[in-house]
Structures are given as C-alpha cells and as structure tokens.
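Tertiary structure, described
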Amino acid sequence: MKIKKLFADKETEYSEETKLIQKRTDLDLEIVVNENQIFDYINSSDDPIQKGKTCLYITQNRGAIIKDCPGTSYYTCCDYTILHTGTFCTMDCSYCILQAYFHPPLLRYFVGKDKISESLDNVFSQDKIFRIGTGEYTDSLIWEEISDQPSFLVKKFANQNNSILELKTKTVNIDSLQSIDHNEKTVIAWSLNTERIIKSEERNTSSLKARLKAAKKCESWGYKLAFHFDPVVIYDGCIDEYKKVIKTIFDYVSPKNILWISIGSFRFMPHLKPLIEKRFPDSTICYGEFILGLDNKMRYFKPLRIQTYKGIIDQIKKYAPEVTAYFCMEDRKVWEECFGFFPKEEGALGKILDQSAIDHCKLKPVP
Amino acid sequence: MFEKEQLIDINLIDFDNNTYRISSDVSIANLKKSIQNNGMLNPCLVRKSNGRFIVISGHKRIIATKELCINQVPVKIVIEQENKAKTDLFCAKLSIIENAFSRELNLMEQARGVFLLSESLTNEEIATNSLSIFNSSLNPNIVEKLLKIVSLDKPVHDLILSKKLSINTALKLKNYDTQIFDAFINIFKKVRMGQNKQSEIIVNLYEIAKRDNIPLSELVNSKEIYKIIDHANQDENYKGNLLRSYLTNKRYPELTKTYDDHKKGIKDLKLEPKIKLNPPYNFEGENYSLSFEFRNKKEFEKHIQKLVSVYKSKAFENLIK
C-alpha cells in the first residue's frame, strides 16, 4: 500500500523528520490546523479504513510515549512495554484489531526524537529489565522506508544495558539496519503464519519465505530474533501447516539466536466481525468456533486452542527445545496442558522473558 | 375539499387502479349482507381521473356493491386543487386516516400508507405527522423499514402479518438473491420462532456455508433441513427448536458436544431437580456454580447429604476433571 497523501501539523512542518518523510514519499505536504480536517477527508471515503492506510499524518505524540501493554485480569500477560511512535499500518490484515481500535484509523507518525530519547533515558536509568516494542499500535518497520526512526531507535538502545528493543514486523524493510552498531540490544521479530493465512488474510504483507530470508539476513548482521505466531488461526489441517512453518524457520535461522516464540490464537472484539465481513468478503476467519472470553473478546473454544497449541509446541520443542516459547493472553489450564506449568505469580511470565533477554542480549541482570 | 355527496354509476369506477388501497384482503361476505340489508351508511371517497373515478377509501364497500349488482354508489368526490401534488398528498392522507381512525392498522397497511405518503413527504415528516395520520407514533427508523418491506412479495407480507416473520428478518433476507430468499421464506413458513431465533438461523446458515465453502442456496435447500421443516406431525415451535439445535450443532460442533457431554455427566449424578450444577461459562473460565432451593431444614439436610455423596462419586470426578 502506497502513501498517497501527507498531512502535518503546523508545529511539525519544519522538523527534520518531516522533511525526510516528505523527501522519501515525494508528496506535497498539506498543513492542517485541526486533525478533524483529516478525519473528514478519510470519513468521506466508502472505506475509511483503506483510506486511512494511504494518508500519513505527521504529528506529535501528545500522550504517553512509553506505556505498559494493556493486559486483562484473567489471561496471563507478558508485561511488555510499548514505545508509542506511530499508529496504524500500510499493510491490510483482515484480523487486525487496529481497524476497529482507532476512530477513524489513520497512519500517524510521531515526530520528536528528543522526547523519545528523554523518555527512554528515564527507562534506561532504572534497575529493571525492560522489553520494549514499537509494534503494538503499528508495524515497527513500515516506517523504515520513509523515515530513519527504526535506525534511530536501534542506535539509542545500543548504548544501555537494561532494555531490549523489539521491532515487530511483517515486512522485509531491514536494509537500513545493516550497518548499525546495535550492540545486540535490538531484536527483530516477525509475525508468522501459515502460507494459507498469509495469502488469504494478510494483504500487502511479505511472503513467509521473504520474512524468513530477512530474518536470516538480520541474524547474519548479529541481530537477535523473535517470532510471533499470533494470531494462530484454526482450520482443517492447520496444525500440520503450522508445524511446517516452524520447521521452515530453522531452515533459515539458528535457535540460539531466537529470544522467544510467542503463540496466541485469533481473538477479537465482537464489533470487529462486521468490519471484517465488509472489508474482506472472502475471508472465513470469523467463522471458527468462537466463544465470548472472560475479557469480552471472542476467542476459540478452549479445547480447540489447546489441541492446536499442543501441535505447535511439540514442533518447537522438536526443533528448538532451548527456545523460550510462551502464550500471549492465555489462562492457567491452557498453560498447564500445553507447557506442563503455569507462570502463576504476577510478573512470572515477564521474568522468564526477561531472563531470555538477559541471556541473549548481554543485559545487566537486576541486582 | 369535497363536492357534495352524490350517487355515481358504479361502472365509472376504475377498479384496476388501486393507488389508494392500503387495507389487507379480508372476506367481504358480512359486509355484503350488511349493505344488502341496511344500504351503504357512509359514502366512499373518490377522486376524478380521466373521466372516471379512483377509489380513495371504501374499496371493499364498492366491491361488495358491485357483487350485489347495485348500479349506483354514494360517494364524496375530492375537489382537485391547482397544485396536483397537494391533491395527491391530501388523497393519500385520506386513504390512511379513513382506516386508521376506525381500527388499528396492521403492519402491512402501515407500510402501504407510508409508501403512499413517501411520494410527497420525507421519512422525518411522515414520522412527525404519524399520530395525526396513522393514529399511532412511528419513528423515522420504523418508517424507513416499512418502506423497505412494501416491495416484498405478498407471501412475505402474509408471513409478516401472521407474525411468523419479523420485519427485521424480512429486511435481512432482502439482501439475498431470490432463490435463497424463497428458501428462507419456506423455512419460516413452516417453523415458528421469534425474531432473535430467526436471526440466529440466518446467521448460522450463512456462516456454515461460508466456512464450508458451499453455496448458501444448497445449504438452505438441503435435505436435512427439509426433513426437519417438512415433518408432518410436528408442532411448528418444536420444529423450530429442532432446526436451531441442528444448525447450532453444525456451526459449533465441539462446543455442542462438550455441552452435551456435560448434560450427560450431570444426569449421571442423579441430582434432585432443585439442585443446579452449572459449568464454567462457555467452558472458558474455571468456576462451576452450584445452587439449590430448599423449603426447610429437613430439605436442606437432604440436599447436603446428596451433595456429599455426589462429591465422593466417580461420576462427579469425571464431570469436573
């Protein structure tokens, strides 16, 4: 998906970051006094979501730059930290919650490296391990094509020893990361799925092979890696297909460079369903056996989740027994049946992942 | 507004023009007897058109008169105004008011009335004036829905009137092509259920077809569904429940099986009807719930004893494992 329209605030008009984006997109910059002007422009389209993917608004982050990942009380969260550098995505996945999360959804790039730097310095000065990612409200590396934000962050993280930066993506936009002295503090992570799901549900994303080739390149540049099977989509034959993906990962990269592999099944707020049905009429992703979970999101009926997870975990154990695998937002029973244990105490899962970060990224253990 | 009441030749009535006819078909046998014995008590309302008359109100009386071979009929003729649109609106209002203030209009009559007015008024204007025209309050949303159902076929209107099909369901079905639409109508003709259950049937059939990549027309016309809805000796409500259960099972096979197994497990415990043991919601959480009713200490004690024996049983262990 190509950005076709560029908007900016008056305050951001002359920033170096804006100039770079304008140069790389080769678009005229339209200055807006009020962001409602952009919302009106987007909302006038038959498909505002699609429109929002082609309009980039260069603005400032007026909220928190660093925030905790919003977990829920019943399901176990990994205590991740979000670095909020932009919103939305140029790719178009049917299941993407961002379609329903922003009103209206709009690509936003937050200028202000100074503010980001300041917020990160505050994190870096603490006696605590942080796993920080930019891939919660956007794809981390869509920005690599039009800005120097990813490389700025990689360099910033290189000069500290209590945090890792996770750049999560479905792209292969890695070129600018090649010659950076990252000091092993950046993890490049790919969301993976079966070829069938990538083809049917992940519009404009890179193919599985392309993602793994990019991972291999990053590995050769000394980066640590992570993979996320999220959303796992359940369909006839899916277990064998997920197993095949896992086997393929290790045709490309070594388990010793993988910090973690996360697994989470497709879950969605009920109001996402009509959006998917409208925007992706050929998709059948909403027609699995979903029940309303205890976080008020639709999720697969638990025995089906367990059965699918077991297949995936068996394969990870077969090819990479030493790699840390974990569930994103699952409960005690699922953990115990699939992994044989449950990180029961608050923060226990986070500590497991912190340890993997310490082991792989030369972080200084917390005293 | 009107010329003075007069008798006109019945042959001057344009029986093919039903522009202002909003009332549903009913038998006119009694009306004929009444006219035969008592004459027509109130004149019909008509308007002139190309040397003939279009009936605005009194369609059944005029047909009864014709069938009784009476040659003349008492009418009041609307005076045509210079602005034709004004007369059109006036006549449309008259045709509704004449009916609405003498009896309650049914949904299809309201729909036809709304359709008549929609030539001259917006949905909001119809809603605003509904009390004085329809003798009941219609909001713009209802007006819009009524307008949409007018174009549906008579069998659908009949189903709506017999309360076997809700307006919302009819409107949902409108999105499907004729073959599928007719198949759904055939289903709802033969089973009885409320609007929410009808929606459930439509959604489940649609989602099963999408999931299994089979044409919806094939699924709604499948022999399994016909077997349920065409069963001669079964009550329509019962057939409705059977159909729902069949489709829920097909749409959610694992969940249904788990609930069925749980029910069987509960049965094995042989609990008193007053003791209720419920599984975790959707089997997602971990908490079972137990409740019981008792009238007195003795009954309370009996339940406790039963629960203690259940607690020790293998059946209970199997149930909650």
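Residues numbered from 1 in each chain as written. Chains lettered and ligands numbered in written order. Predicted model: local features only at pLDDT ≥ 70, side-chain atom pairs only at ≥ 80, totals over all residues.

Details of the packing of helix α3 (residues 84-100) of chain B against helix α4 (residues 107-117) of chain B
All names here are of chain B. Interhelical geometry of α3 versus α4 gives an angle of 160° and a closest axis separation of 9 Å. Here α3 lies roughly antiparallel to α4, going by the angle between them. When the axes of α3 and α4 are compared, the crossing they make is left-handed. Within the contact between the two elements, α3 uses A92, S95, I96 and N99 and α4 uses E109, G113, L116 and L117. Among the residues making up the contact of α3 with α4, the classes are represented as four nonpolar, three polar and one charged. (Axes fitted to C-alpha atoms, helices over the stretch in contact; angles between N-to-C directions. Helix = DSSP H or I, 4+ residues; strand = E, 2+ residues; numbered from the N terminus. Parallel < 35°, antiparallel > 145°, perpendicular 65-115°, else oblique. Left-handed = near helix turned anticlockwise from the far one by under 90°. Contact = placed C-beta atoms within 7 Å. Nonpolar A, V, L, I, M, F, W, Y, C, P; charged D, E, K, R; others polar.)

Let's talk about the interface of chain A and chain B
By a widely used convention, the size of an interface equals the accessible area lost when the partners come together. Of the residues lining the interface, 12 residues belong to chain A; the matching set on chain B comes to 12 residues. Among the elements of the structure, β16 (290-292) and α11 (302-319) of chain A are those that each provide at least two residues to the side of chain A that touches chain B. Of the residues forming the side of chain A that touches chain B, the biggest block, three residues, is contributed by α11(A). Residue classes in the side of chain A that touches chain B are distributed as seven nonpolar, two polar and three charged.

Looking at unusual backbone geometry
Keep in mind that most residues, glycine aside, have a negative phi and that most peptide bonds are trans. Geometrically, the link from A:H103 to A:P104 is a cis peptide bond, its omega value of -10° lying close to zero. Mapped onto the secondary structure, A:P104 falls in the loop between α4 (98-101) and β8 (107-111). Here the bond from A:D230 into A:P231 is cis, since omega is 15°, no more than 30 degrees from zero. Within the secondary structure, A:P231 sits in strand β13 (residues 224-232). Despite not being glycine, B:N213 has its phi angle at roughly 55°, a positive value. Here B:N213 shows up in the loop between α11 (195-212) and α12 (216-220). With phi around 55°, B:N282 is a residue other than glycine that occupies positive phi space. With respect to the helices and strands, the residue B:N282 is situated in the loop between β5 (275-278) and β6 (289-292).

With respect to the environment of A:Y109
All names here are of chain A. You can see Y109 is positioned in strand β8. The buried category is assigned to Y109, around which 26 C-beta atoms lie within 10 Å. Those residues in contact with Y109, other than ones at most four positions away along the chain, are I21, L56, I58, G86, W143 and S147. (Buried ≥ 20, exposed ≤ 12 C-beta atoms within 10 Å, placed from the backbone.)

A word on the domain arrangement of chain B
Taken domain by domain, chain B holds domain 1 (1-80), domain 2 (154-251) and domain 3 (264-320). For domain 1 of chain B versus domain 3 of chain B, the distance between C-alpha centres works out to 71 Å. (Domains from an automatic or database assignment.)

Considerations on the confidence of the model for chain B
On average, chain B scores 94 in pLDDT, and the residues at 70 or more come to 100%. The ipTM for the predicted assembly is 0.90, set against a pTM of 0.88. (pLDDT = per-residue confidence, 0-100.)

Notes on the nonpolar core
Counting 96 residues, the largest nonpolar core has A:I188, A:L225, A:F227, A:I261 and A:I263 as its most contacted members. If we ignore the near neighbours within four places in the chain, the residues touching A:I188 are A:L167, A:I174, A:A215, A:C218, A:Y223 and A:L225. (Core = buried A, V, L, I, M, F, W, Y, C linked by C-beta atoms within 7 Å.)

A short note on the environment of B:I320
Within the element layout of this structure, B:I320 appears in helix α17 (residues 314-320). When the C-alpha atoms of B:I320 and B:K148 are compared, they prove to be 51 Å apart, with 172 residues separating the residues in sequence.

Details of helix α10 (residues 178-190) of chain B
All names here are of chain B. Counted at 1.5 Å a residue, the expected span for α10 with its 13 residues is 18 Å, and the 18 Å between its end C-alpha atoms agrees. All buried positions along α10 are accounted for by I180, A183, F184, I185, I187 and F188. Looking at the buried positions of α10, the neighbouring elements they touch are α8 (154-161), α9 (167-173), α11, α12 and α13 (223-229). (Expected span 1.5 Å × (residues − 1).)

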